[in-house]
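# Chain and residue survey
As a plain string of letters, each chain reads:
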Amino acid sequence: MRNLATLLFLGGLGFLLLVITGGLVFGDPPMLIGRGIQQAAPDQVGAANIVTAVVLGYRGLDTLGELSILFAAATAGGLVLGSTRSRNTRPAGFILRTGVDLLFPLLLVAGLYVVIHGHLTPGGGFQGGVILAAAFFLPLLARPQDVPDHTWLSVIEGLAGTAFIGIGLAALYQGEAFLTPMLDKGVLGELVSSGTLPLLYLAVGLKVGAELASLLVRLSGDDEVTS
Amino acid sequence: MIWFAATLVALTLGAALAVMLLRNLLAAVAAASVVSLGVAVMFVVLQAPDVAMTEAVVGAGLSGLILALALRRLGLARLEIGDAQGERDA
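Here's a quick rundown of the structure. Computed from a predicted structure; not experimentally measured.

## Observations concerning the overall build of chain A
Looking only at helices and strands, chain A has eight helices and zero strands in total. Listed N to C, the secondary structure of chain A is α-α-α-α-α-α-α-α in terms of helices and strands. Across the 227 residues that make up chain A, the buried fraction comes to 37%. Pairs at least 24 apart in sequence give 74% of the contacts found in chain A among residues at least 6 apart.

Printed below as a string of structure tokens:
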């Protein structure tokens with residue numbers, strides 16, 4: 001009986017959604033803002049990757065909000081998980097250790113590449129930061145007996161967050177709006193171009209990486225609860 | 001192209017179904033990562049490489065890792081069903 005009611009409810013909901021989507025005209029109204037940004041962004045911001053131009057140039061404040069939400073979530077997670085009490089000290093197997101030794105430098109290079117080339121190619125601070133976090137978490141998986149001192153992770157996180165806001169305040173000091181891209185735009189498509197955007201993405205990458213790495217370290221800290 | 005997309009959708013939906021049906025929780029986490037990977041390839045097909053990258057890194061990589069670590073913390077990470085020793089090797 002209950003299953004029947006659930007099925008009926010789901011069927012009705014699906015029918016409703018289908019009717020609503022059937023009534024919408026696809027691709028209408030035409031997205032004028034997107035077209036306008038695609039035409040104006042290379043000259044105004046100087047980033048070859050239009051997505052970065054939007055994320056950091058036109059909507060830098062939203063990115064700051066995103067960072068603060070991530071910060072709050074990671075802090076809450078750390079608070080719930082608590083500090084490391086007992087640690088799993090069994091060494092990992094040979095395959096895991098060798099694989100981690102092989103993967104660690106590759107992941108480091110890939111993460112840094114994605115972060116630094118955020119204004120040229122797809123990717124950026126968030127994606128690269130997650131790759132960096134994974135890279136720094138892997139050695140912990142392979143050698144759980146080496147308890148890492150992860151206070152420096154919070155130091156990096158704080159410095160990176162301060163740098164992001166500091167760059168935004170520097171624009172304010174110059175008489176522009178908060179987080180307006182400053183400095184010379186340079187040549188479109190070169191590594192050192194589009195002013196402060198690469199610096200902002202570097203700060204974002206370091207912050208996200210440090211945050212997620214410390215979250216993973218905390219999460220893996222305790223041994224499993226044996227019931 | 002339509003066949004590629006159809007295969008991709010079938011793979012993603014199959015993996016999503018596997019998440020619900022698999023009895024082994026670790027295998028379900030792996031299947032959830034496969035769902036994210038399929039969605040990421042779909043984003044590439046739809047010419048959104050930035051979103052695809054985020055989906056692949058966060059959905060397939062990080063969330064799978066966090067879920068697996070949470071399973072280990074809860075003592076539910078077993079390689080075989082009913083194998084209490086399996087979690088020791090995880």
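## Overview of the overall build of chain B
Along its length, chain B carries four helices and zero strands. Reading chain B from its N terminus to its C terminus gives the helix and strand order α-α-α-α. Considering chain B as a whole, with its 90 residues, one finds that 30% of them fall into the buried category. Nonlocal contacts in chain B, meaning residues at least 24 apart in sequence, comprise 50% of its contacts between residues at least 6 apart. Accessible area of chain B: about 5,300 Å², with a carbon and sulfur share of 74%.

## With respect to the pattern of salt bridges
Residue and element names in this part refer to chain A. For the structure shown, the criterion picks out three salt bridges over all chains. In this structure, Asp62 engages Arg59 in a salt bridge whose closest nitrogen and oxygen atoms are separated by 4.0 Å. For Arg59, a relative accessible area of 47% translates into the label partly exposed. Residue Lys207 is joined to Glu211 by a salt bridge in which the shortest nitrogen-to-oxygen separation is 3.2 Å. Separated by four residues within a single helix, Lys207 and Glu211 lie in helix α8 (residues 197-221), roughly one turn from each other. Judged by relative accessible area, which is 8%, Lys207 ranks as buried. Judged by its relative accessible area of 1%, Glu211 falls in the buried class. One network of salt bridges, with partners in common, ties together Glu157, Lys207 and Glu211.

## Notes on the layout of surface pockets
All names here are of chain A. In this structure, the second largest pocket occupies an estimated 330 Å³ of space. Gly34, Ile37, Gln38, Ile50 and Val51 are the residues nearest the centre of the second largest pocket, which is lined by 15 residues in total. Sort the elements by how many residues they give to the lining of the second largest pocket and helix α2 (residues 32-44) lands first, with four residues. Its residues placed into classes, the lining of the second largest pocket shows nine nonpolar, four polar and two charged.

## Description of unusual backbone geometry
With a phi close to 60 degrees, Gln47 of chain B is a non-glycine residue in the positive phi region. Accessibility expressed as a relative area gives 71% for Gln47 of chain B, which makes it exposed.

## Thoughts on the packing of helix α6 (residues 125-142) of chain A against helix α3 (residues 49-74) of chain B
Packed helix pairs are characterised by how far apart their axes lie and by the angle those axes make with each other. The N-to-C vectors of α6 of chain A and α3 of chain B enclose an angle of 30 degrees; their axes lie 9 Å apart at closest approach. As α6 of chain A packs across α3 of chain B, the resulting crossing turns out to be left-handed. Contacts between α6 of chain A and α3 of chain B involve Gln127, Val130, Ile131 and Phe137 of chain A on the former and, on the latter, Asp50, Met53, Thr54, Val57, Val58, Leu62, Leu65 and Leu69 of chain B. Of the residues in the contact of α6 of chain A with α3 of chain B, the class split is nine nonpolar, two polar and one charged.

## Considerations on the packing of helix α2 (residues 25-45) of chain B against α3 of chain B
Residues and elements named next belong to chain B. Viewed as axis vectors pointing N to C, α2 and α3 meet at an angle of 175 degrees, and their least axial separation amounts to 8 Å. Relative to α3, the element α2 is oriented roughly antiparallel. Of α3, the residues touching α2 (which contributes Leu25, Leu26, Val29, Ser33, Ser36, Leu37, Val39, Ala40, Phe43 and Val44) are Val51, Ala52, Glu55, Ala56, Gly59, Ala60, Gly64, Leu67, Ala68 and Leu71. Class assignment of the residues belonging to the contact of α2 with α3 gives a composition of 15 nonpolar, four polar and one charged.

## A word on the nonpolar core
Phe164, Leu200, Val204 and Val208 of chain A are the most contacted members of the largest nonpolar core, which has 35 residues in total. Where this core is concerned, the elements lending two or more residues are α3 (50-58), α4 (60-81), α6, α7 (151-173) and α8 of chain A together with α3 of chain B. Ranked by the residues each element gives to this core, the list is headed by α8 of chain A, at 13 residues. Ignoring any residue separated from it by four or fewer positions in sequence, one finds Phe164 of chain A in contact with Leu56, Gly60, Thr63, Leu64, Leu67, Leu179, Leu200, Ala203 and Val204 of chain A.

## Digging into α2 of chain A
Residues and elements named next belong to chain A. Under the 1.5 Å per step criterion, the end-to-end length of α2 is 17 Å for 13 residues, consistent within 8% with the ideal 18 Å. Of all the bends in α2, the greatest reaches close to 30 degrees and is centred on Gln38; the proline Pro42 follows between one and four positions later. At the exit of α2 stands Gly46, carrying a positive phi of roughly 85 degrees.

## Considerations on a nonpolar patch on the surface
Together, Phe9, Leu10, Leu13, Leu16, Leu17, Ile20 and Leu24 of chain A give the surface a local cluster of nonpolar side chains, amounting to about 740 Å² of exposed area. Tracing the chain through its elements places Leu16 of chain A in helix α1 (residues 2-23).

## What to know about the environment of Ser220 of chain A
Relative to the helices and strands, Ser220 of chain A is located in helix α8. For Ser220 of chain A, a relative accessible area of 6% corresponds to the buried category. Taking the C-alpha atoms as reference points, Ser220 of chain A and Phe137 of chain A, separated by 83 residues in sequence, lie 9.5 Å from one another. Excluding residues within four positions of it along the chain, Ser220 of chain A makes contact with Phe137 and Leu140 of chain A together with Leu69 and Arg72 of chain B.

Criteria and cut-off values
Residues numbered from 1 in each chain as written. Chains lettered and ligands numbered in written order. Predicted model: local features only at pLDDT ≥ 70, side-chain atom pairs only at ≥ 80, totals over all residues. Heavy atoms only, no water. Helix = DSSP H or I, 4+ residues; strand = E, 2+ residues; numbered from the N terminus. Buried < 20%, exposed > 50% of the residue type's maximum accessible area, 1.4 Å probe, protein only. Contact = heavy atoms within 4.5 Å. Areas by Shrake-Rupley, 256 points an atom, 1.4 Å probe, with all protein chains shown as cover. Salt bridge = Lys/Arg side-chain N within 4 Å of Asp/Glu carboxyl O. 1 Å grid on protein atoms, 1.4 Å probe; cavity = no way out; pocket = protein on both sides within 12 Å on 5 of 7 lines; lining within 4 Å. Points joined across faces, edges and corners; volume = space filled by probe spheres on them. Nonpolar A, V, L, I, M, F, W, Y, C, P; charged D, E, K, R; others polar. Axes fitted to C-alpha atoms, helices over the stretch in contact; angles between N-to-C directions. Left-handed = near helix turned anticlockwise from the far one by under 90°. Parallel < 35°, antiparallel > 145°, perpendicular 65-115°, else oblique. Core = buried A, V, L, I, M, F, W, Y, C linked by side-chain atoms within 4.5 Å. Expected span 1.5 Å × (residues − 1). Bend = angle between axes of the 7 residues up to and from the residue. Patch = residues over 30% accessible without salt bridge, like charges linked within 9 Å, V, L, I, M, F, W, Y side chains within 5 Å.

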